[in-house]
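Here is what each chain is made of, one letter per residue.
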There are 2 protein chains.
Amino acid sequence: MVVERKMTKKFLEDAYAGESQAHMKYMIFAEVAEKEGFPNIAKLFRAIAFAELIHAKNHYRALGNVKDTPNNLQAAIDGETFEVEEMYSAYKAVAELQGEKEAIRSIHYALEAEKIHAELYKKAKELAEQKKDMEIKKVYICPVCGYTAVDEAPEKCPVCGVPREKFVVFE
Amino acid sequence: MVVERKMTKKFLEDAYAGESQAHMKYMIFAEVAEKEGFPNIAKLFRAIAFAELIHAKNHYRALGNVKDTPNNLQAAIDGETFEVEEMYSAYKAVAELQGEKEAIRSIHYALEAEKIHAELYKKAKELAEQKKDMEIKKVYICPVCGYTAVDEAPEKCPVCGVPREKFVVFE
Ligand SMILES: [Fe+2]
Ligand SMILES: [Fe+2]
Ligand SMILES: [Fe+2]
Ligand SMILES: [Fe+2]
Ligand SMILES: [Fe+2]
Ligand SMILES: [Fe+2]
């Protein structure tokens with residue numbers, strides 16, 4: 001049963017956005033609490049971040065946005081492509097115009113990673129449509145800029161220069 | 001160095017919202033891929049979700065929104081209180097007016113959990129201001145509605161009825 005009336009739909013979309021941002025905020029705050037010597041407050045932040053994930057998932061499902069994997073991959077490709085071709089390109093131009101150095105860096109890091117994400121999701125979609133999984137073993141993520149590499153990581157991050165040993169590995 | 005110009009600030013806030021929602025979307029899609037028998041595509045979704053977390057964190061820092069734990073807890077309390085007193089109360093009224101059953105449930109689940117979150121964060125803040133950590137061992141989260149309990153979980157979720165054995169434990 002998917003939501004049909006426009007105002008409820010709009011509000012659920014806003015609620016999905018709000019829950020996603022709350023989840024993210026608590027994940028960030030958990031890291032700070034851990035570093036400042038509050039391991040149990042960090043635990044509380046992480047647990048509540050997970051509760052917000054449940055809320056976001058419930059809203060997203062009620063909106064009818066959770067489909068099968070090929071369609072989910074298409075939604076991912078559309079999002080990444082919009083970010084590369086429109087959103088971050090526009091934001092970068094404005095940050096440069098206004099000389100906002102921190103923003104230029106933060107936007108540049110994201111823009112470079114999104115290009116790779118779009119390509120990886122395209123490969124995944126081709127396979128998923130044939131009911132095949134990807135044949136990948138490890139995904140490496142740069143903890144500073146989000147640079148993404150599959151199976152082999154470069155010695156240094158080509159975007160921000162962080163050494164390979166710092167990369168976070170998903171396997 | 002925090003961003004100062006208004007347009008760059010606005011765009012970074014939008015980028016934080018976008019990255020948070022992309023992160024969340026990929027976490028949800030990873031679960032679907034796992035269930036549909038695509039473990040490696042699920043891995044790709046999870047890894048890229050982590051890259052989006054890095055992007056969101058970079059934007060959030062550039063905005064100057066990452067502070068010390070007492071201030072982060074205050075930001076958390078403000079968000080939860082807004083959700084309880086304004087946002088979800090308003091959304092619930094509209095979903096009821098429009099008879100949108102799925103939305104009513106999804107909103108009700110969130111609203112009940114946010115009340116508990118606000119109280120827990122208030123306790124945490126009082127302690128953090130005295131440089132003390134919380135004395136908690138386990139946080140239990142209901143995987144269906146996000147209900148949150150500390151140290152002792154009820155036999156059944158008081159909001160949605162799920163049995164305790166299904167709760168996700170943070171310890
Ligand atoms: Fe929530
Ligand atoms: Fe991306
Ligand atoms: Fe990097
Ligand atoms: Fe991103
Ligand atoms: Fe909450
Ligand atoms: Fe529940």
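Residues numbered from 1 in each chain as written. Chains lettered and ligands numbered in written order. Predicted model: local features only at pLDDT ≥ 70, side-chain atom pairs only at ≥ 80, totals over all residues. Heavy atoms only, no water.

Draft legend 1. Structural detail: the overall build of chain A. Assigned secondary structure in chain A consists of 4 helices and 3 strands. Taken from the N to the C terminus, the helices and strands of chain A come in the order α-α-α-α-β-β-β. For chain A, the spread of C-alpha atoms along the three principal axes comes to 50 × 45 × 40 Å. Counting contacts in chain A only where the partners sit at least 6 residues apart, residues at least 24 apart contribute 51% of the total. Accessible surface, chain A: about 8,000 Å² in total, of which carbon and sulfur atoms supply 50%. (Helix = DSSP H or I, 4+ residues; strand = E, 2+ residues; numbered from the N terminus. Contact = heavy atoms within 4.5 Å. Areas by Shrake-Rupley, 256 points an atom, 1.4 Å probe, with all protein chains shown as cover.)

Draft legend 2. A look at the UniProt feature "domain: Ferritin-like diiron" (unreviewed entry) in chain A. Mapped onto the present numbering, the UniProt feature "domain: Ferritin-like diiron" (unreviewed entry) falls at residues 2–132 of chain A. Note that residues 2–132 of chain A is 85% helix and 0% strand, and that its end C-alpha atoms are spaced 29 Å apart. (UniProt positions renumbered as here; feature names shortened; annotations may be inferred.)

Draft legend 3. Expanded view of the relation of the copies chain B and chain A. Note on the identical chains: chain B maps onto chain A by a rotation of 180° and an axial translation of 0.0 Å, with an RMSD of 0.0 Å. Here the transformation between the copies is reduced to the relation of a two-fold axis. For chain B, the minimum C-alpha distance to the rotation axis belongs to Ser20(B) and amounts to 2.6 Å. Mapped onto chain A, 100% of the interface residues of chain B are again interface residues, and the two copies thus contact each other with one and the same surface. (Least-squares fit on C-alpha atoms with pLDDT ≥ 70 in both.)

Draft legend 4. Inspection of the coordination of the iron ion (ligand 3) at higher detail. Residues and elements named next belong to chain A. All of the protein donors around the iron ion (ligand 3) are Cys142 (SG), Cys145 (SG), Cys157 (SG) and Cys160 (SG); their distances to the metal are 2.3 Å. The coordination sphere of the iron ion (ligand 3) comprises 4 donor atoms, whose angles at the metal cover 100 to 119°; the geometry is tetrahedral. Coordination of the iron ion (ligand 3) draws on donor residues from a single chain, spaced C-x2-C-x11-C-x2-C in sequence. Remark: Cys157 occurs in the loop between strand E2 (148–150) and strand E3 (168–170) and Cys145 occurs in the loop between strand E1 (139–141) and E2; sequence separation between them is 12 residues. The same class applies to Cys145 as to Cys157, namely buried. (Donors = N, O, S within 2.8 Å, 3.2 Å for Na, K, Ca; no water. Tetrahedral: all angles 85-135°; square planar, octahedral: opposite > 155°, others 65-115°. Buried < 20%, exposed > 50% of the residue type's maximum accessible area, 1.4 Å probe, protein only.)

Draft legend 5. Representation of the UniProt feature "coiled-coil region" (unreviewed entry) in chain A. Cross-referencing UniProt, the feature "coiled-coil region" (unreviewed entry) maps to residues 110–137 of chain A in the present numbering. Helix makes up 71% of residues 110–137 of chain A and strand 0%. Its end C-alpha atoms lie 24 Å apart.

Draft legend 6. Seen up close, the coordination of the iron ion (ligand 2). The iron ion (ligand 2) binds to the protein through Glu80(A) (OE), Glu80(A) (OE), Glu114(A) (OE), His117(A) (ND1) and Glu52(B) (OE); the donor distances cover 2.0 to 2.3 Å. Separating the iron ion (ligand 2) and the iron ion (ligand 4) is a distance of 3.9 Å, and Glu114(A) donates to both of them. Of this pair, His117(A) sits in helix H4 (residues 101–129) while Glu52(B) is found in helix H2 (residues 39–62), placing the two residues in two different chains. Taken as a pair, His117(A) and Glu52(B) share a single burial class, namely buried.

Draft legend 7. Up close: the environment of Leu73(B). Turning to its location among the elements, Leu73(B) is positioned in helix H3 (residues 69–97). For the pair formed by Leu73(B) and Arg105(B), sequence separation is 32 residues and the distance between their alpha carbons is 28 Å. Excluding residues within four positions of it along the chain, Leu73(B) makes contact with Ile41(A), Phe45(A), Tyr121(B), Ala124(B), Lys125(B) and Ala128(B).

Draft legend 8. Focus on the packing of aromatic side chains. Counted according to the given criterion, the structure contains 20 aromatic pairs over all chains. With 4.6 Å between their ring centres and 15° between their planes, Tyr91(A) and Phe11(B) make a pair best called stacked. Of this pair, Tyr91(A) sits in helix H3 (residues 69–97) while Phe11(B) is found in helix H1 (residues 6–35), placing the two residues in two different chains. When its relative accessible area of 15% is taken as the criterion, Phe11(B) is described as buried. For the ring pair Tyr147(A) and Phe167(A), a centre distance of 6.5 Å and an interplane angle of 65° mean the geometry is edge-to-face. Remark: Phe167(A) occurs in the loop between E2 and E3 and Tyr147(A) occurs in the loop between E1 and E2; sequence separation between them is 20 residues. Through successive ring pairs, a cluster of aromatic residues spans Tyr16(A), Tyr60(A), Tyr121(A), Tyr26(B), Phe29(B) and Phe45(B). (Phe/Tyr/Trp six-rings, centres within 6.5 Å; stacked < 30°, edge-to-face > 60°.)

Draft legend 9. A look at the interface of chain B and chain A. Across the contact, 99 residues belong to chain B and 99 residues belong to chain A. On the chain B side of the contact with chain A, Met24(B), Lys43(B) and Leu44(B) bury the most area, a combined 7% of that side's loss. Where chain B meets chain A, there are 2 salt bridges. Across the pair Lys57(A) and Glu31(B) runs a salt bridge, and its minimum N-O distance is 2.9 Å. Inspection of the region where chain B meets chain A yields 41 residue pairs in polar contact (both at pLDDT 80 or more). Along the lines of polarity and charge, the residues of the side of chain B that touches chain A split into 58 nonpolar, 16 polar and 25 charged. (Buried area = accessible area lost by both parts, 1.4 Å probe. Salt bridge = Lys/Arg side-chain N within 4 Å of Asp/Glu carboxyl O. Polar contact = N/O pair within 3.5 Å; in protein donor to acceptor, adjacent residues only side chain to side chain. Nonpolar A, V, L, I, M, F, W, Y, C, P; charged D, E, K, R; others polar.)

Draft legend 10. Structural detail: the pattern of salt bridges. Enumeration according to the criterion identifies 18 salt bridges over all chains in this entry. Among the salt bridges present, the one from Glu112(A) reaches Lys115(A), with a minimum N-O distance of 3.1 Å. Residue Glu112(A) and its partner Lys115(A) are located together in helix H4, separated by 3 residues, close to a single helical turn. Here Lys125(B) and Glu129(B) are joined by a salt bridge, their closest N and O atoms 3.2 Å apart. One end of the pair is Lys125(B) and the other is Glu129(B), both in helix H4 (residues 101–129) and 4 residues apart, which spans about a single turn. Residue classification places Glu129(B) among the partly exposed residues on the basis of a relative accessible area of 49%.

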